[in-house]
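Inside the fold
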Amino acid sequence: MRLLCAVMLLCFLVIPVEGVAAPEVKSVQANFVQEKNMAILARPLLSRGRFLFQAPASLRWEYFTPLHSILLMDDGKIRKFVKTKDEFVEERSMGLSAMQMVLQEITGWLDGDITDTPTFLAKRVAERKIILTPRKPALSKIISQVELQLLDDSGLMKSVTLYEGEDSFTRMVFSDAVVNLEIAKSSFKGP
Amino acid sequence: MKILCVFVLCLLASCSMRQVQTKPELTGGSSGAEGRSICKQSFVQGSWQFTHSINFEMVAGHGTTFVGITVLEKGKLKTALLGVEGFVLFEAEQKSDKQIVVRRALAPFDKPGFAEALLRDVQTLFVAPVTTAMLLAKNTNDERVCRYVTDTSHTLDVLLSGQGWRQINEYDRQDTITRSVHGSDHTEIEGQYIPKEIELKVFGSLGYTLDLQLLTAEKLP
């Protein structure tokens, strides 16, 4: 779950393109389509959802299909809900304190400085592509590489691809991104 | 993480369960070709890819949700457990010769025996038992039952409805129940009836219940 939070927060990065000043980020919201590819799958799994981020560390990460679930972070608290039989049920089995630690670490990336994290090594391989590799072997067993693709000179994220192994990866493609639009606080409180 | 460990331990503990029901007597049994065909058709035919949400609940009330993937393709049975956000926790394949290949198993799903236990559960849900000892009969409620005796001398009773199977009970060599599966709210997809809700119960002091909700069902070419 620590890794999950780290990867999700990658989506809120607004990374300075060389020679272009990054805007101050107060909030980001966008739709996403997540495509899961695995060796055993005859067809990729598609999920659709929307995320809301409000600086410094409030998040609503919501999948609408195929399974409606919501991950919330607000005021240092992290909660997760899964819709079961027409009602949201809060999951009680998460390592919340660990997630909070990662949150504090990753939110520092919002200023564009993603080279100093103790979790990932970052390398800009093209003007709009950044590759992150885990520093620790234990993490490498779970995720081998993360690829960030920037949208344009705005520095907004176009896609995040998470490689879990040789033939397993998850790609999240974002659309309709809006920056610095006010988001109701209730969005981060519950379903 | 604790609940994941409990989940794995419970799956592995299914062989040491307290017994609660015994195998019922059946009447009017037939093991002919017609009965064999009826029983076989109560399970999905051909190649399919299913995704389910799987809610695991212990007696104490703790629970967590996974996404389960099942792929039936050319005699192979492939399965995976994912977190609801898509992280792969476990991935394995059972080839047509029954050999199991584990592609990925994060702790605690890397415990010895877990892959075999999970694939056995998945096989029970989606694959008609392969055995020569099969009987189509009726129980005391006048319901049609396909009774299989497996190569491990376990008995599988598959209760039929007009739309595929609705109940599967497994009994051990002492004729006491070890697991039961209940399927309901069937939906017709590509001419086959798929239960939208499945409840798998393992009996015993470390018993547990898995609730599966059908998310997607795709017929593969």
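Residues numbered from 1 in each chain as written. Chains lettered and ligands numbered in written order. Predicted model: local features only at pLDDT ≥ 70, side-chain atom pairs only at ≥ 80, totals over all residues. Heavy atoms only, no water.

**Focus on the overall build of chain B**
Going by this rule: To qualify as a helix, a DSSP run of H or I must reach at least 4 residues; to qualify as a strand, a run of E must reach at least 2; elements of each kind are numbered from the N terminus. We call two residues in contact when some of their heavy atoms are within 4.5 Å. Computed with the Shrake-Rupley method and a 1.4 Å probe, the accessible areas treat only the protein chains shown as cover for residues.
Helix and strand counts for chain B stand at 3 helices and 13 strands. In chain B, of all internal contacts separated by at least 6 residues, the share reaching a separation of at least 24 is 48%. Total accessible area on chain B is roughly 10000 Å²; 50% of this is exposed by carbon and sulfur atoms.

**Thoughts on the overall build of chain A**
Spelled out, the test is: Exposure classes here rest on a 1.4 Å probe applied to the protein chains alone. A residue is buried below 20% of its type maximum, exposed above 50%, and partly exposed in between.
For chain A, the count of helices and strands is 3 helices and 11 strands. Counting from the amino terminus, chain A carries its helices and strands in the arrangement α-β-β-β-β-β-β-α-β-β-α-β-β-β. The buried share of chain A, reckoned over its 191 residues, is 47%. Residue pairs at least 24 apart in sequence account for 44% of intrachain contacts in chain A once pairs closer than 6 positions are excluded. About 9000 Å² of surface is accessible on chain A, with carbon and sulfur atoms providing 51% of the total.

**A look at the interface of chain B and chain A**
Applied cut-off: By convention, the term buried area covers the 1.4 Å-probe accessible surface removed from two parts as they join, with the contributions of both added. For this document, the term salt bridge refers to a Lys or Arg side-chain nitrogen within 4 Å of an Asp or Glu carboxyl oxygen.
In this assembly, 34 residues from chain B lie in contact with 31 residues from chain A. For the pairing of chain B and chain A, the buried interface totals around 2600 Å² over both sides, and the portion due to carbon and sulfur atoms is 60%. Where chain B meets chain A, there are 3 salt bridges. Residue Lys80 of chain A is joined to Glu85 of chain B by a salt bridge in which the shortest nitrogen-to-oxygen separation is 3.3 Å.

**A few points about the state of the cysteines**
Residues and elements named next belong to chain B. Note the cut-off: Whenever a pair of cysteine sulfur atoms sits within 2.5 Å, that pair is classed as a disulfide.
For the structure shown, the criterion picks out 1 disulfide over all chains. Between the sulfur of Cys39 and that of Cys146 lies a disulfide, 2.0 Å long from S to S. Measuring handedness by torsion sign, the sulfur bridge of Cys39 and Cys146 sits at about -95 degrees and is left-handed. One end of the pair, Cys39, is in helix α2 (residues 33-41); the other, Cys146, is in strand β8 (residues 144-149), and 107 residues separate them in sequence.

**Overview of the side chain of Ser58 of chain A**
Looking at the secondary structure, you find Ser58 of chain A in strand β3 (residues 58-65). Residues in contact with Ser58 of chain A, not counting those within four places in the same chain, are Leu52, Phe53, Met73, Asp74, Asp75 and Phe188 of chain A.

**Examining the packing of aromatic side chains**
Any aromatic ring pair is given by two values, namely how distant the centres are and how the planes are angled relative to each other. Convention followed: Note on ring pairs: Phe, Tyr and Trp rings are taken, using the six-membered ring of Trp, and paired if centres are within 6.5 Å. Classes follow the plane angle, with under 30 degrees stacked, over 60 edge-to-face and the rest tilted.
Summed over all chains, the structure comprises 12 aromatic pairs over all chains. In textbook terms, an aromatic cluster arises when at least three aromatic residues are bridged by ring pairs, as seen for Phe32, Phe51, Trp61, Tyr63 and Phe174 of chain A.

**Examining the environment of Asp175 of chain B**
Residues and elements named next belong to chain B. Mapped onto the elements, Asp175 comes out in the loop between β10 (164-171) and β11 (177-189). When its relative accessible area of 31% is taken as the criterion, Asp175 is described as partly exposed. In this structure Asp175 touches Gln21, Thr22 and Lys23, once residues within four positions along its chain are discounted.

**Digging into the pattern of salt bridges**
For the coordinates displayed, the defined rule picks out 20 salt bridges over all chains. Across the pair Glu218 of chain B and Arg43 of chain A runs a salt bridge, and its minimum N-O distance is 3.2 Å. Highlighted residues: Glu218 of chain B in strand β13 (residues 208-219) and Arg43 of chain A in the loop between β1 (27-37) and β2 (45-54), drawn from two different chains. For Lys23 of chain B, the salt bridge goes to Asp175 of chain B, with nearest N and O atoms at 3.2 Å.

**Quick look at unusual backbone geometry**
All names here are of chain A. The omega torsion of the bond from Ala55 to Pro56 falls at 10 degrees, within 30 degrees of zero and hence cis. Relative to the helices and strands, Pro56 resides in the loop between β2 and β3. In this model, Thr65 is joined to Pro66 through a cis peptide bond whose omega is -5 degrees. With respect to the helices and strands, Pro66 occurs in the loop between β3 and β4 (69-74).

**Topic: the sheet that holds β3 of chain A**
Two orientations exist for strands paired in a sheet by backbone hydrogen bonds: parallel and antiparallel. Residues and elements named next belong to chain A. Condition: Two strands form a pair only when DSSP identifies at least two bridges running between them. Axis lines are fitted to C-alpha atoms, over the contacting stretch for helices. Their N-to-C directions set the angle, which ranges from 0 to 180 degrees.
Read across the sheet, 11 strands follow the order β6-β5-β4-β3-β2-β1-β11-β10-β9-β8-β7 without closing on themselves; strand pairing throughout is antiparallel. Taken across any chain shown, the strands that pair with only one partner, and hence form the sheet edges, are β6 (87-90) and β7 (120-126). Averaged over all pairs of adjacent strands, the angle between strand axes in this sheet comes to 20 degrees, irrespective of strand direction. Two strands pair when backbone bridges link them, and β7 and strand β8 (residues 129-134) are joined in this way by 6 bridges, in the antiparallel orientation. Bridging across to β8, Arg124 finds its partner in Ile130.

**Observations regarding the nonpolar core**
Counted only if it meets this: Residues belong to a common nonpolar core when they are buried Ala, Val, Leu, Ile, Met, Phe, Trp, Tyr or Cys residues joined through side-chain atoms within 4.5 Å.
Core analysis: the biggest nonpolar cluster contains 43 residues, and Phe50, Leu81, Phe90, Tyr148 and Val158 of chain B have the highest contact counts within it. At 7 residues, the largest contribution of residues to this core is made by helix α3 (residues 114-126) of chain B. Within the second largest apolar cluster, 26 residues are counted, among which are Phe51, Leu71, Phe120 and Leu148 of chain A.

**Comments concerning the confidence of the model for chain A**
Keep this limit in mind: By definition, pLDDT measures how confident the predictor is in each residue, and it falls between 0 and 100.
Scored by pLDDT, chain A has a mean of 77; 73% of the residues are at 70 or more. In the model, residues 95-108 of chain A has pLDDT below 50 throughout and makes 24 contacts with residues more than four positions away in sequence or in other chains.

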